[in-house]
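Commentary on secondary and tertiary structure
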Amino acid sequence: MASRLPAVHLYTYMAEPLQECLLKLCPGMTVKVVGSNFDSLVASDPAPEHVAALQEAEVLLMDPNLMPPLMYQLPRLKWMQSTWAGVDSMLKHLDKTKPIPNYTLTRFGGVFGPAMAEYVISHIVNTERRAQKQWENKTKGLWDRSGGIHEYRPLEMLSVGILGVGDIGKEIARCCKTFGMTVWGMVRRELSQDKQSPYVDHYRKFSELPEIMQKCDYICNVLPSTAETRGLLNGDILENCKEKKSVFINVGRGDVISEETIVNAIQSGWISHAILDVFETEPLPATSRLWEMPQVTITPHVAAVSIPSQVAEMFYDNYQRYAKGEELKYIVNLENGY
């Protein structure tokens, strides 16, 4: 590594464990904890002393939801590493009347794929094997093989459509293909052969989304929140699932589809179930109709979580690149959001 080791400022709810992990990886690193013990989902305004400390930062490792009030107040910042894979909680607050900030933003990438894939596969298996029904039978002392418990579908008979085939989507595709599923992938633009995943059987563009929905037993959204994807699944697009009675899984971003759209698709019989880890509003309000629907599975945005040791390892790899003047991994284009 180059002799110059820039100080790292931490502004995150996981600051203390992150600091410990970073110093184990690089004992010579200067780590400055500015703030910690934040709510992991709810943003808060920075204290004046935090702002003053952060204005000295060249390298900043922080939760992106804490960045909006600081976005234009950090004159020395050259690189911000997000602790999350998604950075829309920050980018949606960009002021279009001002120049784009001139620091580099990188996301927490290359790590969430396995956890997301575990979530998707486990829920597909639980759905096909009627795990909820079997648990209910157990609580009642019932030995009952009816209701699809005995006549389940093996995974190799199923097809899955993955909306968004980036590093996370590719890992989901790999795991689904390992179990013999037919995998469809939706991408923004045509991919050359060398950029296609060997685990995706059929690639389709955004404009061909209806075909994916017509062909797949499971529709899994992994898309980030961008101007292009917000509201993409709103309206009647899920009507294309009605022949298959597909199951909709959302581990991407909640604003890709509205609650009203999900409720309508279930009530209309277009989809048989919705497995939701992300929502338009988080935490999901107690008044949401989704809580009351038996055809909806709800998890509190935990399909993949930022683990301090993993964040530290990914950051340290980029930190070494930064110190050497090399290109960083997982750079986010501040204008298009990905």
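All of the points below concern the structure found in this document.

Focus on the pattern of salt bridges
Opposite charge on two side chains allows them to pair when their charged atoms are near. Following the criterion strictly, the structure yields 16 salt bridges and no others. The salt bridge partner of Arg107 is Asp167, with a shortest N-O separation of 3.6 Å. Residue Arg107 is located in the loop between strand E5 (104-106) and helix H4 (112-128), and its partner Asp167 is located in helix H6 (residues 167-178); the two are separated by 60 residues in the primary sequence. Take Arg107: its relative accessible area is 23%, and that puts it in the partly exposed class. Across the pair Glu190 and Lys205 runs a salt bridge whose closest N-O atoms are separated by 3.7 Å. Note that Glu190 is positioned in the loop between strand E7 (182-187) and strand E8 (202-205) and Lys205 in strand E8, a separation of 15 residues in sequence.

Brief notes about the side chain of Ser159
When you line up the elements, Ser159 lands in strand E6 (residues 159-163). If we ignore the near neighbours within four places in the chain, the residues touching Ser159 are Met181, Thr182, Lys215, Cys216, Asp217, Tyr218 and Lys244.

Notes on the packing of aromatic side chains
Considering all chains together, one arrives at four aromatic pairs under this definition. Residues Phe108 and Phe112 carry aromatic rings whose centres are separated by 5.1 Å and whose planes lie at 80° to one another, so their mutual orientation is edge-to-face. Residue Phe108 is classed as buried on the basis of its relative accessible area, which comes to 1%. Here the aromatic cluster, defined as three or more aromatic residues joined through ring pairs, consists of Trp79, Phe315, Tyr319 and Tyr322. Note that Lys98 overlies the ring of Tyr72, its terminal NZ or CZ placed 4.6 Å from the centroid.

Overview of the sheet that holds E7
Ordered in space as E8-E7-E6-E9-E10-E11-E12, the seven strands form an open sheet in which the pairing is parallel. For this open sheet the edge positions go to E8 and strand E12 (296-298), each flanked by a neighbour on one side alone. Averaged over neighbouring strand pairs, the angle between their axes works out to 15° when direction is ignored. Alignment of strand E11 (residues 273-276) against E12, held across three bridges, turns out to be parallel. Paired with Ile275 across the strands is Thr297, a residue of E12.

Considering the sheet that holds strand E1 (residues 8-11)
Within a sheet, adjacent strands bond to each other through the backbone by hydrogen bonds, running parallel or antiparallel. Taken in spatial order, the five strands line up as E2-E1-E3-E4-E5 in an open sheet, and their pairing is parallel. Two strands close off the open sheet at either side, each with one partner strand: strand E2 (31-35) and E5. Strand-to-strand twist across the sheet, computed as the mean angle between neighbouring axes with direction ignored, equals 20°. Relative to strand E4 (residues 79-82), strand E3 (residues 59-62) runs parallel, the two being bridged by four bridges. Its bridge partner lying in E4, Met62 is registered against Ser82. Across the sheet, helix H1 (residues 15-25) lies against E1, E2 and E3, angled at about 175° from E2, the strand it touches most.

Some details on the packing of H1 against helix H9 (residues 308-324)
Helices that pack against each other are described as a pair by the angle of their axes relative to one another and the distance between those axes. Running from amino to carboxyl end, H1 crosses H9 at an angle of 45°, the nearest separation of the two axes being 9 Å. Between H1 and H9, the angle is such that the two are oblique. Here the hand of the crossing between H1 and H9 comes out right-handed. On the side of H1, the interface is formed by Pro17, Leu18, Cys21, Leu22 and Leu25, while H9 contributes Pro308, Ser309, Val311, Ala312, Glu313, Phe315 and Tyr316.

What counts and how
Residues numbered from 1 in each chain as written. Predicted model: local features only at pLDDT ≥ 70, side-chain atom pairs only at ≥ 80, totals over all residues. Heavy atoms only, no water. Salt bridge = Lys/Arg side-chain N within 4 Å of Asp/Glu carboxyl O. Helix = DSSP H or I, 4+ residues; strand = E, 2+ residues; numbered from the N terminus. Buried < 20%, exposed > 50% of the residue type's maximum accessible area, 1.4 Å probe, protein only. Contact = heavy atoms within 4.5 Å. Phe/Tyr/Trp six-rings, centres within 6.5 Å; stacked < 30°, edge-to-face > 60°. Lys NZ or Arg CZ within 6 Å of the ring centre and 35° of its normal. Pairing = 2+ DSSP bridges. Axes fitted to C-alpha atoms, helices over the stretch in contact; angles between N-to-C directions. Parallel < 35°, antiparallel > 145°, perpendicular 65-115°, else oblique. Left-handed = near helix turned anticlockwise from the far one by under 90°.

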